[in-house]
Each structure stands twice: as structure tokens, then as C-alpha cells.
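What the coordinates show
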Amino acid sequence: MRLISWLMRAFIFFALFAFALNNQQPAVVRWFFGVQWQAPLVIVVLAAFAAGCAVGVLAMLPDAWRRGQQVLRRQAVAPPPATAAPGAPVPSEFAAEHPPRVGP
């Protein structure tokens, strides 16, 4: 499994390296008000990818923050787990609502 993992990593590295070597021509990014930026095409593509990743992470932060706060609130409110004698059945919170099925 390790060998397959390393072979995949090597393939991805060499594919990206070949992409970078094939895209060395200069590219011009024109912004507003006549501002422009000139760089190799591979750098422009890398910058666009990094900016997209950053925007995606920033878009996920509010939801992740909210879920983390909910987990912390649940941990603060939840009673400590009951300790049972060794070998005793663990009480289920679904026992009364969901009786066991009988038959096939």
C-alpha cells in the first residue's frame, strides 16, 4: 500500500512539474484602472488556485465555528456517563422508544 501511495505522489509531482515546464510563457493579468501584472502562466494559475482555496476555507469557517460551539455547549450540558459494574448491560437511551424486533 505504501508503494502505491508513493507511486501516486510521484506521478502527481511529475505531472505538475511537466505542466509548469510547459507553461513558462508570460501572461498578463489586467486589473481595473489600467493596472496589470505580468508573470509566467504557471504562477498565474497557481495564484488563482491558492486564492480559490483561501476563499473556500473562509466560506466554510462560519459553519465550522458554529458546529464547534454547539459541540462545546453539548459537552458542558451533558451529564457524566453512568458507570456500570463490569459485565452489566449498558443502558440504552433508545430502549423504551424502540423495542427489539421479533421475527424475520
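Structure first, text after, so check above.
Keep in mind it's a predicted model, so treat the numbers as computed, not measured.

**Side note on helix α1 (residues 2–22)**
The first and last C-alpha atoms of α1 sit 30 Å apart over 21 residues, in line with the 30 Å expected at 1.5 Å per residue. Among the 21 residues of α1, 1 are classified as buried, and the element is accordingly described as predominantly exposed.

**Details of the pairing of strand β2 (residues 36–40)**
Sheet topology places strand β1 (residues 26–30) next to β2; 5 bridges connect them, and they run antiparallel. Opposite Ala 27, over in β2, you have Ala 39 as the bridge partner.

**Considerations on unusual backbone geometry**
Residues other than glycine seldom take positive phi values, yet Phe 33 does so here, at roughly 60°. Structurally, the position occupied by Phe 33 is in the loop between β1 and β2. For Phe 33, a relative accessible area of 86% gives the class exposed.

**A short note on the packing of aromatic side chains**
A complete count under the given rule lists 2 aromatic pairs for this structure. Consider the rings of Phe 13 and Phe 14, whose centres lie 5.3 Å apart with planes at 70°: the pair is edge-to-face. Comparing Phe 13 with Phe 14, the two get one shared label, exposed. Ring geometry for Phe 13 against Phe 17: centres 6.0 Å apart, planes inclined by 15°, an arrangement best described as stacked. Placement of both Phe 13 and Phe 17 in helix α1 is noted, with a separation of 4 residues, approximately one turn of the helix. For Phe 17, a relative accessible area of 45% translates into the label partly exposed. Each member of the aromatic cluster is reached from another via a ring pair, and the members are Phe 13, Phe 14 and Phe 17. The ring of Trp 6 carries the charged tip of Arg 9 above its face, separated from the ring centre by 4.8 Å.

**Observations regarding a nonpolar patch on the surface**
A cluster of nonpolar side chains, namely Trp 31, Phe 32, Phe 33, Val 35, Trp 37 and Ile 43, defines an oily patch on the protein surface of about 780 Å² accessible area. Its place among the elements puts Ile 43 in helix α2 (residues 41–77).

**Let's talk about the pattern of salt bridges**
Oppositely charged side chains can form a pair if their charged atoms are brought close together. Enumeration according to the criterion identifies 2 salt bridges in this entry. In this structure, Asp 63 engages Arg 66 in a salt bridge whose closest nitrogen and oxygen atoms are separated by 3.5 Å. Taken as a pair, Asp 63 and Arg 66 lie in helix α2 at a separation of 3 residues, close to a single helical turn. Judged by its relative accessible area of 35%, Asp 63 is partly exposed. Take Arg 66: its relative accessible area is 47%, and that puts it in the partly exposed class. Asp 63 serves as the salt-bridge partner of Arg 67, at 3.0 Å between the closest nitrogen and oxygen. Of this pair, Arg 67 and Asp 63 both sit in helix α2, 4 residues apart, which is roughly one turn of the helix. A network of salt bridges, in which partner residues are shared, links Asp 63, Arg 66 and Arg 67.

Calculation notes
Residues numbered from 1 in each chain as written. Predicted model: local features only at pLDDT ≥ 70, side-chain atom pairs only at ≥ 80, totals over all residues. Heavy atoms only, no water. Helix = DSSP H or I, 4+ residues; strand = E, 2+ residues; numbered from the N terminus. Expected span 1.5 Å × (residues − 1). Buried < 20%, exposed > 50% of the residue type's maximum accessible area, 1.4 Å probe, protein only. Pairing = 2+ DSSP bridges. Phe/Tyr/Trp six-rings, centres within 6.5 Å; stacked < 30°, edge-to-face > 60°. Lys NZ or Arg CZ within 6 Å of the ring centre and 35° of its normal. Patch = residues over 30% accessible without salt bridge, like charges linked within 9 Å, V, L, I, M, F, W, Y side chains within 5 Å. Areas by Shrake-Rupley, 256 points an atom, 1.4 Å probe, with all protein chains shown as cover. Salt bridge = Lys/Arg side-chain N within 4 Å of Asp/Glu carboxyl O.

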